[in-house]
Amino acid sequence: RMPMAHMSAAMRTWLERLVPNASHASSAIRRKALSKNVDTILGALATKKATPVSLKDLYRYGQDPALRLHHAQFLHREVPIRVSQRVMELRCLPFGLSESHGIKEVIDNYTSYTLDLLTMDPPCEEEELEMFSRYMQYLLQDNTEVVQTMALGVIQARRSIQEKDLPDFRRLVDLVLVRFFTARIGLRFIIEQFIASREYKTGFAGVIESFCNPVLIAQRAAEDASQLCKQHKDVAPKVLFHTPGANFSEDLQFTYVPHHLHYMLTEILKNSMRATVECHDPSNLPPIKVVFVAGNEDTTIKMID
């Protein structure tokens, strides 16, 4: 069993206070003690500052197998902090939101993730690293229904809101959901990067592509958006791609997460196609233009409809 010296100071303090001789306590005893004091632990973790992580850092973690254990230990410390912050934020929601079934389900699940991670020791060897990787995979998959569950919780709470309180309710929901799902994207990203770095893939470091080409991704996104538009509107405008002054194979490439870029471009193109179809004669639709401009430090993607 891992010596107590390898635990974080906060974790060591909690365990020594809650469980005598915590370094020798079984996981079951540790989990039971933590569960009894879960409110205190969640509150303490939520006050900690999440560690900023750059794309460059995550790329380095995914590129070097020797850093995988370090990445796992970082996640073991970081995930409980980020998850606890979401729990405490959801618990404090007004208008009965925190008591709606959907929100309570998310709170319970996130609380369970925190207790799971605090119960297990940080991985120090290959066998422990593999077990931790499996748990991270489980957490990622178990968390896929959060969007729908949160939405159901909001719908349920909305039914009890009086008409005069609706503007405040909508503003609060928008604020909370934007903050919650923005944090969720960051959390899922650092976990996805850790999981994907288990296997080597040419041109990638985890889920980050070394030479990501936005034009190719935009073309695939346009195909997906066009298919959806035709399903719902029967027609779809053409999409034209322009790369003025740029070398297609070199100038426009940059290190990025291709599935993130694909998702963003698809959503914008869907909106653009819908607006084009609804505002023009379906038999004479103007094309949508996507322009790519490479700067010295960034690449700009502009859509014109």
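Look a little higher up for the structure.
Residues numbered from 1 in each chain as written. Predicted model: local features only at pLDDT ≥ 70, side-chain atom pairs only at ≥ 80, totals over all residues. Heavy atoms only, no water.

Novice: Before we go on, may I ask you to explain the sheet that holds strand β3 (residues 239–242) in this structure?
Specialist: By definition, the strands of a sheet pair up through backbone hydrogen bonds, in either a parallel or an antiparallel sense. On the basis of which strands lie adjacent, the open sheet formed by three strands has the order β3-β5-β6 and mixed pairing. A strand with exactly one partner marks an edge of an open sheet, and here the two such strands are β3 and β6 (299–304). On average, each strand axis in the sheet is inclined to that of its neighbour by 15°, with strand direction left out of account. Where strand β5 (residues 288–294) meets β6, six bridges bridge the pair, whose relative direction is antiparallel. Bridging across to β6, Val-293 finds its partner in Thr-300. Packing against the sheet, helix α10 (residues 214–233) makes contact with β3, β5 and β6, and its axis sits at approximately 175° to β3. (Pairing = 2+ DSSP bridges. Helix = DSSP H or I, 4+ residues; strand = E, 2+ residues; numbered from the N terminus. Axes fitted to C-alpha atoms, helices over the stretch in contact; angles between N-to-C directions. Contact = heavy atoms within 4.5 Å.)

Novice: What's the story with the pairing of strand β2 (residues 208–212) in this structure? I'm lost.
Specialist: Regular strands place their side chains on alternate faces of the sheet. Bridge analysis of strand β1 (residues 204–205) against β2 gives two bridges, and the strand direction is antiparallel. Looking at β2, one finds that Phe-204 is bridged to Glu-209. The turn joining β1 and β2, which pair antiparallel and follow one another in sequence, is formed by two residues; a positive phi near 70° is taken by Gly-206. As judged from the two bridges shared by β2 and strand β4 (residues 254–256), these two strands associate in the antiparallel manner. Bridge pairing in β4 places Glu-209 opposite Tyr-256.

Novice: Would you take a moment to explain the packing of aromatic side chains for this structure?
Specialist: What characterises a pair of aromatic rings is the spacing of the ring centres plus the angle enclosed by the ring planes. Within the structure shown, the criterion is met by eight aromatic pairs. Relative to Phe-169, the ring of Phe-95 lies with its centre 5.7 Å away and its plane at 85°, an arrangement referred to as edge-to-face. Of this pair, Phe-95 sits in the loop between α5 (68–91) and α6 (101–119) while Phe-169 is found in helix α9 (residues 166–196), placing the two residues 74 residues apart along the sequence. The partly exposed category is assigned to Phe-95, whose relative accessible area is 30%. Ring geometry for Phe-180 and Phe-181: centres 5.2 Å apart, planes at 90°, overall edge-to-face. A single burial state applies to Phe-180 and to Phe-181, both of which are buried. Through pairs of rings, three or more aromatic residues link up here, namely Tyr-110, Tyr-113, Phe-180 and Phe-181. Just above the ring of Phe-194 sits the side chain of Arg-68; from NZ or CZ to the centre is 4.2 Å. One residue, Lys-201, lies across the ring of Phe-204, its end atom 4.3 Å from the ring centre. (Phe/Tyr/Trp six-rings, centres within 6.5 Å; stacked < 30°, edge-to-face > 60°. Buried < 20%, exposed > 50% of the residue type's maximum accessible area, 1.4 Å probe, protein only. Lys NZ or Arg CZ within 6 Å of the ring centre and 35° of its normal.)

Novice: How should I be thinking about the pattern of salt bridges in this particular structure?
Specialist: Any two side chains of opposite charge can pair, given that their charged atoms come close. Taken as a whole and assessed by the stated rule, the structure comprises 12 salt bridges. Among the salt bridges present, the one from Arg-198 reaches Glu-130, with a minimum N-O distance of 2.7 Å. Within this pair, whereas Arg-198 is found in the loop between α9 and β1, its partner Glu-130 is found in helix α7 (residues 126–142), the two being separated by 68 residues in sequence. A relative accessible area of 40% means that Arg-198 is categorised as partly exposed. Each of Arg-86, Glu-89 and Arg-179 takes part in salt bridges that share partners, so that together they form one network. (Salt bridge = Lys/Arg side-chain N within 4 Å of Asp/Glu carboxyl O.)

Novice: Sorry, what's going on with empty space enclosed by the protein here?
Specialist: Empty space among the atoms becomes apparent when a probe as large as a water molecule is rolled across them. Tallying each qualifying case throughout the model produces one cavity of 30 Å³ or more. The space that makes up the largest cavity amounts to roughly 40 Å³. If you go around the largest cavity, the residues you meet are Leu-93, Leu-97, Ile-103, Met-150, Val-154, Val-173, Val-176 and Leu-177. Mapped by element, the contributors of at least two residues to the lining of the largest cavity are α8 (146–158) and α9. Ranked by residue count, the leading element in the lining of the largest cavity is α9, at three residues. Its residues assigned to classes, the lining of the largest cavity shows eight nonpolar, no polar and no charged. (1 Å grid on protein atoms, 1.4 Å probe; cavity = no way out; pocket = protein on both sides within 12 Å on 5 of 7 lines; lining within 4 Å. Points joined across faces, edges and corners; volume = space filled by probe spheres on them. Nonpolar A, V, L, I, M, F, W, Y, C, P; charged D, E, K, R; others polar.)

Novice: I keep staring at the nonpolar core and nothing clicks. Help me out?
Specialist: For soluble globular proteins, nonpolar side chains are generally found buried alongside one another. Formed by 55 residues in total, the largest nonpolar core has its most connected members in Leu-90, Met-136 and Ile-191. Those elements giving two or more residues to this core turn out to be α3 (38–46), α4 (55–63), α5, α6, α7, α8 and α9. Examining the composition of this core, we find that 13 residues originate from one element, α9, more than from any other. With near-sequence residues (within four places) excluded, Ile-191 lies in contact with Val-79, Met-136, Leu-139 and Leu-140. (Core = buried A, V, L, I, M, F, W, Y, C linked by side-chain atoms within 4.5 Å.)

Novice: Honestly, unusual backbone geometry in this entry has me stumped. Any pointers?
Specialist: The general pattern is negative phi for most residues beyond glycine and trans for most peptide bonds. A positive phi is found at Phe-95, a non-glycine position, where the angle reads about 60°. Its identity is not glycine, yet Asp-234 carries a phi of approximately 75°, on the positive side. Within the element layout of this structure, Asp-234 appears in the loop between α10 and β3. Classification of Asp-234 as exposed rests on a relative accessible area of 67%.

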